[in-house]
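Structural description and commentary
What follows is each chain in one-letter form.
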Amino acid sequence: MNESIGSTTDIVTHLQERFPDAVQPAPAPYQGILVAQDRLVEVATYLRDELDFAYLSSVTVVDYPQPLNGMPACYDVVYHFFQGRGGPLTLHVQADRENPVVPSLVPLFPSALFQEREAWDLMGVRFDGHPDLRRILLWEGFDGHPLRKDWKEVYYEEEHKPFGSRFPDGRPVPAESRSPFGDNLRYPPGWSPRDWRPLVDVWGYAPHDELARQEDPNHPADRVVLNMGPHHPSTHGVLRLLVTLEGERIVKLEPMMGFLHRCHEKIGERNVWLGNIPYTDRLDYVCAMSNELPYVLAVEKLLGVEPPPRAQYIRVIMAEFTRFLNHAVSIGFTGNDLGIYFTAMLYALEEREHILDLFEMVSGSRLMCNYMRFGGVAHDMSEEAIALARALAFERLPRYLDQLESYFTDNELFKARAVGVGVLPPEMAVAYGCTGPLLRASGVPYDVRRAEPYFAYDDFNFDIVVGQNGDVYDRYLVRVGEMRQSLRILQQALNRLPDGPIMAGRKSATLKVPAGESYGRIEAPKGELGFYIVSDGGPNPYRYHIRAPSFVNLGVMGEICWGHLIADVVIILASIDITLGEVDR
Amino acid sequence: MYIGWNILKSLWITFRRFVESYIDDLRWLFKKGFGKRYTPETLPVRQHPLTKRGIFTVQYPAERLPLPERFRGFPFLVYDDETGKLLCTACGTCARVCPPQCIWIVRATDPQTGKPLREPAEFYVDISICMNCGFCAEFCPFDAIKMGHEIEVMAFDRADLLLDLEKLRRPASYDAQIHPTDYAQKQARKGE
Amino acid sequence: MSPRKRQLPEIPPELVGTVHITPIDAIYNWARKRSLWPIFFGLACCAFEMIGTFAARFDPSRFGMEIMRASPRQADLMIINGTVTKKMLPQVVRLYNQMPEPKYVLVMGACAISGGPFQEGYNVVSGIDKYLPVDVYVPGCPPRPEGLIHGILTIHAKMERESLRNLRWYKKGEVPEPIPVPELGPDLVDWRLTEKIEAMQEEVVPSQVE
Ligand code: SF4
């Protein structure tokens, strides 16, 4: 860790020498650099081309209505860049409060495509030069930008939890009583539904209709606009895909989301630090355990605590079981979407039940584990739980994996549908900020567990599985390989599980976190899951942003589906492996 | 290899799994007689990851999976079996730590002096909001609120899901029954 | 664990003692009850637990409902499993309108009942019962599969108590009104509130002018 921090400082001084009038170090509790707005593109180009910062991992905005922590009143646009190894380089760009505009980085880093749209949608910061700056999670025509600090919800009660009305004199008041309509609704003054018609293109058909009208004279096939979802059995939830077809070939495909936008970040800024842990479970509900890890990691960085070895091992064990679970279910879904119906899925779900039994035994809940705490884990693993974990990791799951391989890997039907479909070239994968099995299947050996080791991952022997062709089949192979590596890690961890305490310090419900910013990231089963938090030194996060792997990975969906048949869309989507809770947050 | 060989192999695996699930039943039938296979006594064997063969299904509602001790259902308030007094001292920790803020407490006051007493006058948990996170039980300094093991909760009306003090009360013996190790530890600590 | 008697689920209060069941009713209800097909419909985390329920371990085919239909036209039961957001609500209402009678709605999980942990969110519908008629609420976040099956069994119990004579979908002239599909405007536009909104706006606007 120290080494990477040292090198980041070097880079900061280097950049300052290179761009003396555009770059300066960020004010005290912040890390990284402050870049002048008009020179951002220049600095970013230099970072990418000369300094090897090829990953733009996360783009987000922090709203400062008043000066705080040495930041003036502004909209602070925060970028996180990564090299192949080591910690982040954080770029801050301050945008004006009256008219927040910053240059868009999409031409340089397509990975900003969705993230800048999200920032515009929720924060109202314009990105100059963005090719398609529409709302993404909410809909065109929504009133206001809800993540701004001065935007209040209908059921707004108090700035921060805990609410004073709960104790000592708390009689239940339904939230509905806070709205004149008895519902979570509010309309701008003077607005009436009688003369209102949906004016703007709420459902986003306009660009597709446009495209469908201009038919290609070389291809006599008609162009059709097709809407898939949000209620579709193969979109894994409430994703909507809008497709323009030429015959059966895809001309343009656009994922549309927000059907599960649960206002996670706004609620997270109101919660106390501890209270956010159970909320993170609800992000990627297939692998709840590993969602908690980057959040506690980010907070632990600010607090400066290090969990004891046993807790770190238990965290690794849980994370790897989750990875196994996620990949098994994801392959099962792939089979489901291919028309194998439920068989592969049922086999995967059976293993899932066993793993969930383990989770329930250690944490108390099957799905929403709420198991990690700052500085450790909530409960120790009992002898019984360790025995079950050993039975799974040494016998049951390897057997399942062998069987899976024997009926899936060489199956001609699967190969006929998967080989050469949805090819993602490595350069494109990096440019679009893809992470996880999707990136590694394209042949890029990038894994956060190695690039920036966290917890006890340094102690274990494991390989990074990479593919060659970057097609659906390779993604499947990478997942299977990763499941094998997970078992390897599990076996080592269970054999060497150290004794000792499971918590550093005492559990505290009302914890204050020192002012500053921190970015915690782990290699979640779906890719790099990052939490960016800003603290003002109080009991609640000032800003709480989630860089969700599914969300960023979806950005490349339109590119890799281009030219394929409509029937391939579902399997490409299944191979990207998304969870809508995480895409929409 | 011939084209289609692996398809046959895959089909063979599914077929074998299908047959296996019945073979075990038959074997059981010859050994133990009819009707003994799906009983709660054999449940642990049928559900164990290593000994499991045959059908995996739990015949709910006739039989139930055992819940682990740590299972988090909905919160309940513990009262002393003998005195009938709640252990809750109305300190408000649970109401403060609850992430979705679904706990409401009214602290009792002495009717004569108007001073706050160490007991709740009213206590509400809205289980239509509760996210079963278990923070209330984890952070309660008096072990007065616990996560129950009731899983078959349902209602026909949303208003029924707001639990008040009456509906939340459970005796300490119930707590001891569903949380045996936890309870034993607590007793041991008391004895010291 | 001792063997337990099979517990019968509760009977909805509005049906207790009101109906006399004839043999024809009994056959009719038995047939309906044993082929209750849910719509394959996933909203959020609870949906994943529902998929878990519909897999090998809890196997609802024991109750004749292993077929989940993706098309609302072929489904009798809608399990609202997860957070209903404002953006998703028009679709949910439309799906409900498309289901043929007799139809039942089971609400699974805190989010669908009241918005649950996300109740205060700006994009979350605080309770699907504001838009759809609900038969059974199953709280929990997520409910355990047993809880969901118990809810389904309760719907079975409810069906058993229904009689051909007073079912609304056999009454003459009583065509159930489809629920008006909300639209996405500055906020969710609930057409049933038109009058109320206008009345409110008249109150609000002058005071703002001052
Ligand atoms: S009730 Fe809980 S588990 Fe169900 S959808 Fe809501 S947050 Fe997810």
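Scroll up a little and you will see the structure.
Computed from a predicted model, the values in this text were never measured in an experiment.

What follows covers the environment of M361 of chain A. In this fold, M361 of chain A is placed in helix α9 (residues 343-363). For the pair M361 of chain A and Q485 of chain A, spaced 124 residues apart in sequence, the C-alpha separation works out to 24 Å. When near neighbours in sequence (up to four residues on either side) are disregarded, M361 of chain A contacts E384, A385 and L388 of chain A together with P68 and R70 of chain B.

With that out of the way, let us pick up the packing of helix α8 (residues 309-340) of chain A against helix α10 (residues 383-408) of chain A. Residues and elements named next belong to chain A. Interhelical geometry of α8 versus α10 gives an angle of 25 degrees and a closest axis separation of 13 Å. Taken together, the axes of α8 and α10 are roughly parallel relative to one another. Along this stretch, α8 crosses α10, giving a crossing that reads as left-handed. In this structure, α8 uses R310, F321, F324, A328, I331, G335 and I340 to contact α10, whose residues at the interface are I386, A389, L392, A393, L397, Y400, L401, L404 and F408. The residue makeup of the contact of α8 with α10, split by class, is 14 nonpolar, one polar and one charged.

This brings us to the site of the ligand. Residues and elements named next belong to chain C. The immediate surroundings of the ligand are formed by 15 residues, with C45, C46, A110, C111 and C141 found nearest. Those elements giving two or more residues to the shell around the ligand turn out to be α2 (45-53) and α4 (110-114). Grouping the amino acids of the shell around the ligand by side-chain chemistry returns nine nonpolar, four polar and two charged.

Moving on: the environment of D121 of chain A. Residue and element names in this part refer to chain A. Mapped onto the elements, D121 comes out in helix α3 (residues 112-123). Look at D121 and you get buried, because its relative accessible area is 0%. For the pair D121 and Q491, spaced 370 residues apart in sequence, the C-alpha separation works out to 45 Å. Within the structure, the side chain of D121 is placed 2.8 Å from the backbone nitrogen of L138, a separation counted as a polar contact.

This part takes up the interface of chain A and chain B. Taken together, the contact pairs 53 residues of chain A with 46 residues of chain B. Counting the surface lost from both chain A and chain B, the interface buries some 4,300 Å², and carbon and sulfur atoms represent 57% of this. On the chain A side of the contact with chain B, R166, F167 and E412 of chain A bury the most area, a combined 17% of that side's loss. Counting across the chain A and chain B interface gives four salt bridges. Put simply, R17 of chain B and E350 of chain A hold a salt bridge, and the shortest N to O gap is 3.5 Å. Viewed at the interface, chain B and chain A are joined by 23 residue pairs in polar contact (both at pLDDT 80 or more). Only α6 (276-281), α9, α10 and α11 (412-418) of chain A provide two or more residues apiece to the side of chain A that touches chain B.

Bringing helix α1 (residues 5-32) of chain B into the picture now. Between its first and last C-alpha, α1 of chain B extends 40 Å over 28 residues, near the 40 Å set by a 1.5 Å rise per residue. Looking only at α1 of chain B, the buried set comprises N6, S10, I13, R17, S21, D24, D25 and W28 of chain B. Those residues of α1 of chain B that are buried are in contact with α9, α10 and α11 of chain A.

It is worth spelling out the environment of L239 of chain A at this point. All names here are of chain A. Mapped onto the fold, L239 is located in the loop between β8 (223-228) and β9 (240-246). Residue classification places L239 among the buried positions, given a relative accessible area of 0%. In the structure, L239 is positioned 114 residues away from V125 in sequence and 25 Å away in space, judged by C-alpha atoms. With near-sequence residues (within four places) excluded, L239 lies in contact with M228, G229, P230, P255, M256, M257, L554, L573, I578 and L580.

A word on the sheet that holds strand β3 (residues 136-138) of chain C. Residues and elements named next belong to chain C. As summarised here, the arrangement of the three strands in space is β1-β2-β3, forming an open sheet in which the pairing is parallel. Either end of the sheet is taken by a strand with one partner, and the two such strands are β1 (77-81) and β3. For this sheet, the mean angle separating the axes of adjacent strands, direction not counted, is 20 degrees. As paired elements, strand β2 (residues 104-108) and β3 share three bridges and run parallel to each other.

With that settled, consider the pairing of strand β13 (residues 516-524) of chain A. All names here are of chain A. Within β13, nine of the nine residues are buried, which leaves the element mostly enclosed by the surrounding structure. Burial of β13 is two-sided: the residues G516, S518, G520, I522 and A524 facing one way and the residues E517, Y519, R521 and E523 facing the other way are all buried. Examined bridge by bridge, β13 and strand β14 (residues 527-535) share nine bridges and lie antiparallel to one another. Looking across to β14, one finds that E523 is bridged to E528. Where β13 folds back on β14, the antiparallel hairpin that results is connected by two residues.

Reading the values: rules and limits
Residues numbered from 1 in each chain as written. Chains lettered and ligands numbered in written order. Predicted model: local features only at pLDDT ≥ 70, side-chain atom pairs only at ≥ 80, totals over all residues. Heavy atoms only, no water. Helix = DSSP H or I, 4+ residues; strand = E, 2+ residues; numbered from the N terminus. Contact = heavy atoms within 4.5 Å. Axes fitted to C-alpha atoms, helices over the stretch in contact; angles between N-to-C directions. Parallel < 35°, antiparallel > 145°, perpendicular 65-115°, else oblique. Left-handed = near helix turned anticlockwise from the far one by under 90°. Nonpolar A, V, L, I, M, F, W, Y, C, P; charged D, E, K, R; others polar. Near = heavy atom within 4 Å. Buried < 20%, exposed > 50% of the residue type's maximum accessible area, 1.4 Å probe, protein only. Polar contact = N/O pair within 3.5 Å; in protein donor to acceptor, adjacent residues only side chain to side chain. Buried area = accessible area lost by both parts, 1.4 Å probe. Salt bridge = Lys/Arg side-chain N within 4 Å of Asp/Glu carboxyl O. Expected span 1.5 Å × (residues − 1). Pairing = 2+ DSSP bridges.

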